[in-house]
Amino acid sequence: MIHASLSLDPAFRIGPVRRRTFGSFVEHLGRCVYTGIYDPEAPTADEDGFRGDVIDLTRELGISTIRYPGGNFVSGYRWEDGIGPVADRPRRLDLAWHSTDPNTVGVDEFMRWSAKAGTEAMMAVNLGTRGVQEALDLLEYCNVDAGTYWSDQRRANGAAEAYDIRMWCLGNEMDGPWQIGSKTADEYGRLAAETARAMRMIDPDLELVACGSSGVVMPTFGEWERTVLGHTYEHVDYISAHAYYWEEDGDLGSFLASAVDMDHFVESVVAAADLVRAHKKVGKRVHISFDEWNVWYQKRAESQPPTGKDWPVAPVLLEDTYNVADAVVVGSLLISLLRNTDRVHSASLAQLVNVIAPIMTEPGGRSWRQTTFFPFAQASQLASGEVLRVEVQSPLYETARFGDVPVLDAVATQDEETGEVVVFAVNRSLDQELGLTVDLRGFPGLRVVGATSLSNPDHTWQASVDDDASVTPVDNGTASTDGESLTVTLPAVSWNVVRLGR
Ligand code: AHR
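What counts and what doesn't
- Residues numbered from 1 in each chain as written.
- Predicted model: local features only at pLDDT ≥ 70, side-chain atom pairs only at ≥ 80, totals over all residues.
- Heavy atoms only, no water.
- Helix = DSSP H or I, 4+ residues; strand = E, 2+ residues; numbered from the N terminus.
- Rg over C-alpha atoms; globule rule 2.2 N^0.38 Å.
- Contact = heavy atoms within 4.5 Å.
- Areas by Shrake-Rupley, 256 points an atom, 1.4 Å probe, with all protein chains shown as cover.
- Pairing = 2+ DSSP bridges.
- Axes fitted to C-alpha atoms, helices over the stretch in contact; angles between N-to-C directions.
- Near = heavy atom within 4 Å.
- Polar contact = N/O pair within 3.5 Å; in protein donor to acceptor, adjacent residues only side chain to side chain.
- 1 Å grid on protein atoms, 1.4 Å probe; cavity = no way out; pocket = protein on both sides within 12 Å on 5 of 7 lines; lining within 4 Å.
- Sits in = over half its atoms within 2 Å of the grid points.
- Nonpolar A, V, L, I, M, F, W, Y, C, P; charged D, E, K, R; others polar.
- Points joined across faces, edges and corners; volume = space filled by probe spheres on them.
- Domains from an automatic or database assignment.
- Buried area = accessible area lost by both parts, 1.4 Å probe.
- Buried < 20%, exposed > 50% of the residue type's maximum accessible area, 1.4 Å probe, protein only.
- Disulfide = S-S within 2.5 Å.
- Salt bridge = Lys/Arg side-chain N within 4 Å of Asp/Glu carboxyl O.
- Lys, Arg positive; Asp, Glu negative; His and termini not counted.
- Parallel < 35°, antiparallel > 145°, perpendicular 65-115°, else oblique.

### Brief notes about the overall build of the protein
Consideration 1: Each helix and strand in the protein was counted, giving ten helices and 26 strands.
Consideration 2: For 502 residues, the compact-globule estimate of 2.2 N^0.38 gives 23 Å, and the C-alpha radius of gyration of the protein, at 23 Å, lies within 12% of that figure.
Consideration 3: The dimensions of the protein, computed from C-alpha atoms along their principal axes, are 65 × 55 × 45 Å.
Consideration 4: Taking all contacts inside the protein whose residues are at least 6 apart in sequence as the whole, residues at least 24 apart take part in 76%.
Consideration 5: As presented, the protein carries roughly 18400 Å² of accessible surface, and 50% of it is formed by carbon and sulfur atoms.

### A word on the sheet that holds strand β22 (residues 447-454)
Consideration 1: An order of β2-β15-β19-β20-β26-β22-β23 is seen for the seven strands of this open sheet, with the pairing classed as antiparallel. Edge positions in the sheet fall to β2 (13-16) and β23 (474-475), since each of these pairs with one other strand and no more.
Consideration 2: Two strands pair when backbone bridges link them, and β2 and strand β15 (residues 386-388) are joined in this way by three bridges, in the antiparallel orientation. By the bridge assignment, Pro16 is partnered in β15 with Glu386.
Consideration 3: Those strands touched by helix α10 (residues 373-382) are β19 (408-414), β20 (421-427), β22 and β26 (494-501), and its axis lies near 20 degrees from that of β26.

### Describing the site of the ligand
Consideration 1: Taken together, the residues surrounding the ligand are Phe25, Glu27, Leu29, Gly71, Asn72, Trp97, Asn172, Glu173, Tyr244, Glu292, Trp296 and Gln351.
Consideration 2: Within the contact set of the ligand, an oxygen atom lies 2.7 Å away from a side-chain nitrogen or oxygen of Tyr244.
Consideration 3: Between the ligand and Gln351 there is a distance of 3.0 Å, counted from an oxygen atom to a side-chain nitrogen or oxygen.
Consideration 4: Contact with the protein chains covers 95% of the free accessible surface of the ligand, which is 280 Å².
Consideration 5: Comparing atom positions with the cavity grids shows the ligand to sit within the largest pocket.
Consideration 6: Classifying every residue of the shell around the ligand gives five nonpolar, four polar and three charged.

### Considerations on the layout of surface pockets
Once rolled over the atoms, a probe with the size of a water molecule shows which space is left empty.
Consideration 1: Estimates place the volume of the largest pocket at around 420 Å³.
Consideration 2: Lining the largest pocket are 22 residues, and of these Glu173, Trp178, Tyr244, Trp296 and Gln298 lie nearest its centre.
Consideration 3: For the lining of the largest pocket, the class distribution of residues is eleven nonpolar, eight polar and three charged.

### So, the domain arrangement of the protein
Consideration 1: Domains assigned within the protein are domain 1 (2-9 + 387-501) and domain 2 (18-382).
Consideration 2: Just the C-alpha atoms count here: the centres of domain 1 and domain 2 sit 30 Å apart.
Consideration 3: Facing 39 residues of domain 1, the contacting portion of domain 2 comprises 37 residues.
Consideration 4: Between domain 1 and domain 2 lies a buried interface of about 3200 Å² when both sides are counted; carbon and sulfur atoms form 67% of it.

### Let's talk about helix α1 (residues 52-61)
For an α-helix, the turn length of 3.6 residues means that residues three or four places apart are oriented alike.
Consideration 1: Counting buried positions over the ten residues of α1 gives seven, a clear majority of the element.
Consideration 2: Of all the positions in α1, only Gly52, Asp53, Val54, Ile55, Leu57, Thr58 and Leu61 are classed as buried.
Consideration 3: Here the buried face of α1 lies against α2 (107-117), β13 (359-361), β14 (367-369) and α10.
Consideration 4: With its phi angle positive at about 75 degrees, Gly62 sits one or two positions after the end of α1.

### Focus: the state of the cysteines
When the sulfur atoms of two cysteines share a covalent bond, that bond is a disulfide.
Consideration 1: A full pass over the atoms with the stated rule returns zero disulfides.
Consideration 2: The thiol of Cys32 is not disulfide-bonded; the next cysteine sulfur, from Cys169, is found 15 Å away.
Consideration 3: Judged by relative accessible area, which is 0%, Cys32 ranks as buried.
Consideration 4: With no disulfide of its own, Cys169 lies 7.5 Å from the sulfur of Cys211, the closest cysteine sulfur.
Consideration 5: Look at Cys169 and you get buried, because its relative accessible area is 2%.

### Looking at empty space enclosed by the protein
Consideration 1: Inspection of every chain in the model, using the stated rule, returns three cavities of 30 Å³ or more.
Consideration 2: If you add up the space inside the largest cavity, you get close to 120 Å³.
Consideration 3: If you trace the largest cavity, you find 15 residues lining it, with Tyr77, Trp79, Ala124, Asn126 and Leu138 closest to the centre.
Consideration 4: For the lining of the largest cavity, the elements supplying multiple residues, two or more each, are β7 (120-125) and α3 (132-143).

### Some details on the pattern of salt bridges
Consideration 1: Enumeration according to the criterion identifies 35 salt bridges in this entry.
Consideration 2: The residue Lys116 makes a salt bridge to Asp48 at a minimum N-O spacing of 2.7 Å. Here the residue Lys116 occupies a position in helix α2, and Asp48 occupies one in the loop between β3 (23-25) and α1, the gap between them amounting to 68 residues.
Consideration 3: Take Lys116: its relative accessible area is 23%, and that puts it in the partly exposed class.

### Observations concerning the side chain of Asp101
Consideration 1: Relative to the helices and strands, Asp101 is located in strand β6 (residues 99-101).
Consideration 2: Buried charge without a partner: Asp101 forms no salt bridge, and the closest opposite charge is Arg89, 8.1 Å away.
Consideration 3: Of note is the side chain of Asp101, whose polar atom sits 2.8 Å from the side chain of Tyr34.
Consideration 4: The contact partners of Asp101, leaving out residues within four places of it in the chain, are His28, Tyr34, Phe73, Pro90, Arg91 and Arg92.

### A look at the packing of α1 against α10
Consideration 1: α10 packs onto α1 with a crossing angle of 55 degrees between their chain directions and a minimal axis gap of 8 Å. In terms of axis orientation, α1 runs oblique to α10. Only Phe373, Phe376, Ala377, Ser380 and Gln381 of α10 make contact with α1, whose side of the interface consists of Leu57, Glu60 and Leu61.
Consideration 2: Within the contact of α1 with α10, the residues separate by chemical class into five nonpolar, two polar and one charged.

Structure follows, in structure tokens:
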């Protein structure tokens, strides 16, 4: 066994636990919408055709915000296609995913689903094939009470109350050559600034997200953020970050260290945003909306869109099946998001259902939880109050991608109201248990009220529709306190949660 230690102190805080850290994403992509959230043929379908089982699992996950309707899809989307009587709605080509969208689900259906699931909508506007006017029309449809063309259309379509959507994404991944209507940083920056300025004329208190780079590997990364924020800084609240570089390709050690990469990504985007702040000589800070992140096996066959004359409705796309190591990495990425809570103010696990998702469904049938469901649900349900800055003393191990990396990744939260302190920890060792000691002298009287570990001797174990319960977080009986410290043994390749209370 190897050993590591953590020091916690109630005085060392990073910032609040933000509910929006636990957001997700529903795109018109593959089976996320059709047969995912919406499936009138499913046994649990309600009067609106929404799957009750998916709503229940969304609640169990503790999802806060949901980004909608894309993603790449939004850059070719006409939102007006998705309102009014369903029978009159056009079927359209979805160029992003080489599919057909029947438009059975549109903004009104999504907002109805969102209310049932208890989530907050984060709406994206199309700045690929469209522009300022269409964004204003959608905003008027969603947020103006009544008495104008679009607000009255919404009322006529059954929604008497305005949706009052707070967060809006100004396009999606506009730096990506794959994006319909992709732009240079100057072109996009100007359009985003104009759109933001006009949207605020309708609703000054909107929270607006400018597109950052599609990823750290983009050749324009950094310069894109600087240029876009040069145009938009006064008009937006967030710059987006997207990252999917993490998959196990035969180097498990590097894969388990993925959070090192996420920390570095956040640090780089913050540096670019703060550089613009310095140039502009303003007090305001632009924060990060990490609105697409996950493990994604991009080279797998299911990730490839159809081709040629085949334009199916809701094809199987991006339906990754996750194993235990993937869940441990997702847990570690959540630790990174919490650790960066001072600058990451919102995040979305991409995506919610069927498409690189924690929830899977059979069309017209059953649903199940992937391994990645559990770290997300635990972090979302148990992190509350303030994120504490932890001091980690850990053995290092060598990785091909990131050099020497600590075996232990950890963060802690403290809820002053309940008095509860929660430690979230990952053991990245491939083959050794990790004995962890947590110095609790700053929190006298705390005792263990619960401890769980998610691991398996075979870290490649995957859940399926027939078995999603053989490997879940189980009680870790090794956790104990002696008044001054907590000791616990963390299995190799594991995600762990220890709750301390009085
Ligand atoms: O989440 C899948 C896709 O990944 C999104 O549509 C796009 O924004 C990103 O490249």
